[in-house]
Amino acid sequence: MVETIGIGVLAKRAATKVPTIRFYEQEGLMPAPARTDGGQRRYTKAHADRLAFIRHARELGFPLDAIRELLRFVDKPDQSCEQVDHVTRDVLADVDAKIERLEALREELRRMLRQCRHGRVSECRIVQVLAEHSHSHCL
């Protein structure tokens, strides 16, 4: 007989929360577990492995739709991994774009600080920049 565990034990082992596991089930990322006669969820090692995959993918920045797509490929392991590469390239492009926006944000904040004269708030360049509605001064 296959060893099973309850949702609390699974959550603890995966360092996640019970509602997160339920959410992944509702989203179709985790297969529905078997239930006891009393209705309690019972998870197998396969569930734990899949949850670990999902958690690791989330930590690496994969959005849920990309994870859903990756799991479709994982469920058919004999096919080419070309599509997995494609999904990963898309996530990498999103990460690169976020880094670019963060670098621009960092430069804007540095510029604002350089322009600060350390006088009164009424004359503060940082406050003036933040109050401008046009954002034309931003990168």
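This model, assessed by the stated rule, comprises one aromatic pair. A ring pair is formed by F23 and Y24, whose centres lie 6.0 Å apart and whose planes are at 55 degrees; its orientation type is tilted. The class of Y24 is buried, set by a relative accessible area of 5%.

Moving on, we come to the nonpolar core. Counting 21 residues, the largest nonpolar core has L10, I21, Y24, L29, I54, F62 and I67 as its most contacted members. Of all the elements in the fold, those that place two or more residues in this core are α1 (7–14), α2 (18–26), α3 (45–59), α4 (64–74) and α5 (82–115). No other element matches α4, which puts six residues into this core. Residue contacts for I21: discarding those within four places in its chain leaves I7, L10, A11, T16, Y43 and L51.

This part takes up the pattern of salt bridges. For the structure shown, the criterion picks out seven salt bridges. Here K45 ties to D49 by a salt bridge, and the two come within 2.9 Å at their closest N and O atoms. Taken together, the residues K45 and D49, both in helix α3 and four residues apart, mark about one turn of the helix. By relative accessible area, K45 is classed as exposed at 59%. On the basis of relative accessibility, which here comes to 42%, the residue D49 falls in the partly exposed class. Three or more residues are tied together by salt bridges with common partners; here these are E27, D65 and R68.

All right, on to α1 then. Turning to α1, its buried residues number three or more, namely I7, L10 and A11. The buried residues of α1 all sit within an arc of 100 degrees when viewed along its axis, so they share a single face. Across α1 from its buried face, at more than 90 degrees, point the exposed residues K12 and R13. Next to the buried residues of α1 lie α2, β2 (41–42) and α3. A positive phi of about 55 degrees marks A15, the residue just after α1.

About the thresholds
- Residues numbered from 1 in each chain as written.
- Predicted model: local features only at pLDDT ≥ 70, side-chain atom pairs only at ≥ 80, totals over all residues.
- Heavy atoms only, no water.
- Phe/Tyr/Trp six-rings, centres within 6.5 Å; stacked < 30°, edge-to-face > 60°.
- Buried < 20%, exposed > 50% of the residue type's maximum accessible area, 1.4 Å probe, protein only.
- Core = buried A, V, L, I, M, F, W, Y, C linked by side-chain atoms within 4.5 Å.
- Helix = DSSP H or I, 4+ residues; strand = E, 2+ residues; numbered from the N terminus.
- Contact = heavy atoms within 4.5 Å.
- Salt bridge = Lys/Arg side-chain N within 4 Å of Asp/Glu carboxyl O.
- Arc of directions from axis to C-beta.

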